[in-house]
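Results of the structural survey
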Amino acid sequence: MLFKVLVEHSMRLRGVSSRNGKIGIIKEFLRKLTAKEAVIGVNYISGRIRQGKLNIAWKGLAELSGNVVERARSPSLVQVDRFIEQADAARGQEKIKVLKPLFAQLSKEEREYFVSLIIGEVQQGAGEGLVKMAVTDFFGLSNEEMERAYLQKPDVAELFSLLLRRGKRAIGSLGIRILSPVKPMLAQIAKSLDDVYLENDEFALEHKLDGIRIQIHRQGDVVKIFSRHLKDITSHFPELVQNAKKLPVNRFILDGEAIGVDDRRRPVPFQVLARRTTRKKDIDKIRHQVPVVPQYFDVLCADDEDLTGKAYAERVRILHDIVRKKTYLTAQKKPIGKNDAVGFYEQSLRRGNEGVVVKLLESEYRPGKRGKSWFKIKGTHTIDCVILAAEWGHGRRRGLLSNLHLGVLDETRTKYLMVGKTFKGLTDKMLQWLTDNLPRHKVHEDRWTVFVKPVIVVEVAFNEVQKSPKYESGVALRFARVKGIREDKSAVEINTMVDLEKMTKVSLRG
DNA sequence: TGGCTCTGTCC
DNA sequence: CTTTTGT
DNA sequence: ACAAAAGGGACAGAGCCA
């Protein structure tokens, strides 16, 4: 297949809004793929490359896009893949050099598509999710069959290739397997405990810890740890590997959270733990500076038995049999009445955790699903901020002022200090209002940003304050989102750094 | 060597 | 990670 | 219910340059 055929299908996807329409287009595309192109093509139509990330993105590719078009003659998918393969192997500027001859062959549309593919921002209203549905449909599989196959091989491109070569029977025997990562189950957001209480009776609560999701596999002496996005992070956490090897069961898959702890075993801020997320050098040093402890909360597999179909309550019993040590288990409780539940939630927050997760006792483990059996409830703060600037949006927000720079008053109430940005929580209507009204207060602007006099007030929710190395205030709001535009409030009435310090009980500044 | 920019990976 | 929008 | 697309923050590592 020629690269331009792929680009044509992507354009068509962009032009269709219905999901069934998109699936139809993807199926047409799949039909045109040869066995050799299968993995490459399915990755591309999902908006990804099989090599993952190249360490070049929009900045690095920008200079290539500027090049003069010579003679566009669309390369094949396999040829494109070979260029990417070379770029992946190269270092530094060499990566760009390697791609130059490819760019010389590409038309304008193909270049733009290629860039979006490399940086992972193909915007066609279809991603791996829809491609998965299309593949299911293409081979006449039931959803169950696909889900079971996806359990063992959470990679649609690989599955498509397998099905193309060997047919349906190739996935018949697939299922959960130790040392092969499984998409972790996710929790749905709930506003409060009341929401959950209205609908469900039979559940337990767990402390929600602010750490890194870990899935630990053990097969005898071999231990592997996978992240939420199924990256192999085994080498980052040697203490967790050791811990897993000491457990009295030889073969298992455990689900949990790795948390950083201080010398009194209290959780450290996520920011501190983050030092270990991509750390490669001096692991021996960092593991003592920021020690990590596992907090397991589920088991997917024990002694080669797949437990995902068993009830949560039963799985937890099995988990507690494997991990005897209480300090390595996530605090859990079956509340007796609502007051009890609220007490547990507040206790969790007092201990420096994010909140609680509510889990239905009878629920199965549904890999990769954000189902209606796990609900997370996180502690939230709300303040009033002033808008200091707004950046022009992209994609469906093109032409609208979108990303807001937020400020609060300093302790003397004379100066506004920036504490972060947000684009979340804004409805189309609010975006339009901001675009209509903010420019009236413009002080100056550049290509991306309109800076305004601090007059428009917004109510902002956030979960935590972080120490910021880049903002003058020394502080950044974590997960900031707009709750509403406060046309009734003036900029002198907004919150201050002191308010922030009080409500989060974190000492800001130094 | 130290500082800068860019990138990827956690949340 | 959170939120809105659309099917 | 599900998928996609709007983009936020901190960190470490890779490269580059003075």
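Quick summary incoming for the structure in this document. (Residues numbered from 1 in each chain as written. Chains lettered and ligands numbered in written order. Predicted model: local features only at pLDDT ≥ 70, side-chain atom pairs only at ≥ 80, totals over all residues. Heavy atoms only, no water.)

Bringing the protein's contact with DNA strand D into the picture now. Around DNA strand D, the structure places 40 residues, and the nearest of them are Gln123, Gly127, Asn403, Phe423 and Tyr471. Among the atoms of DNA strand D close to the protein, meaning within 4 Å, 87% are from sugar or phosphate groups. Backbone polar atom of Gly125 to a phosphate oxygen of DNA strand D: 2.8 Å apart, as the coordinates give it. Side-chain polar atom of Gln271 to a phosphate oxygen of DNA strand D: 3.1 Å apart, as the coordinates give it. Secondary-structure elements contributing two or more residues to the surface near DNA strand D are helix H8 (128-138), strand E13 (416-422) and strand E17 (464-467). Examining the composition of the surface near DNA strand D, we find that 4 residues originate from one element, H8, more than from any other. Within the surface near DNA strand D, the residues separate by chemical class into 9 nonpolar, 16 polar and 15 charged. (Near = heavy atom within 4 Å. Polar contact = N/O pair within 3.5 Å; in protein donor to acceptor, adjacent residues only side chain to side chain. Helix = DSSP H or I, 4+ residues; strand = E, 2+ residues; numbered from the N terminus. Nonpolar A, V, L, I, M, F, W, Y, C, P; charged D, E, K, R; others polar.)

By nearness alone, 20 residues border DNA strand B, and Asn55, Ala57, Lys59, Gly60 and Arg213 come closest of all. A breakdown of the atoms of DNA strand B within 4 Å of the protein gives sugar and phosphate a share of 95%. Secondary-structure elements contributing two or more residues to the surface near DNA strand B are helix H4 (58-65) and strand E3 (212-219). It is H4 that contributes the most residues to the surface near DNA strand B, 3 residues altogether. Its residues placed into classes, the surface near DNA strand B shows 8 nonpolar, 6 polar and 6 charged.

Glancing now at the environment of Gly379. Along the chain, Gly379 falls in the loop between strand E10 (374-378) and strand E11 (381-392). Residue class for Gly379 comes out buried when judged on its relative accessible area of 13%. The sequence separation of Gly379 and Ser192 amounts to 187 residues, and the corresponding C-alpha distance is 9.3 Å. Not counting residues within four places of it along the chain, the set of residues in contact with Gly379 comprises Tyr345, Leu349, Glu354 and Asn463. (Buried < 20%, exposed > 50% of the residue type's maximum accessible area, 1.4 Å probe, protein only. Contact = heavy atoms within 4.5 Å.)

Looking now at the sheet that holds strand E9 (residues 355-360). Read across the sheet, 5 strands follow the order E1-E10-E9-E2-E8 without closing on themselves; strand pairing throughout is mixed. Unpaired on one side and paired on the other, strand E1 (188-189) and strand E8 (332-333) mark the two borders of the sheet. As paired strands, strand E2 (residues 203-208) and E8 are joined by 2 bridges and run antiparallel to one another. Counted as the bridge partner of Glu206 is Gln332 from E8. On the sheet, helix H17 (residues 338-350) packs against E2, E8, E9 and E10 and is oriented at approximately 15° with respect to E2. (Pairing = 2+ DSSP bridges. Axes fitted to C-alpha atoms, helices over the stretch in contact; angles between N-to-C directions.)

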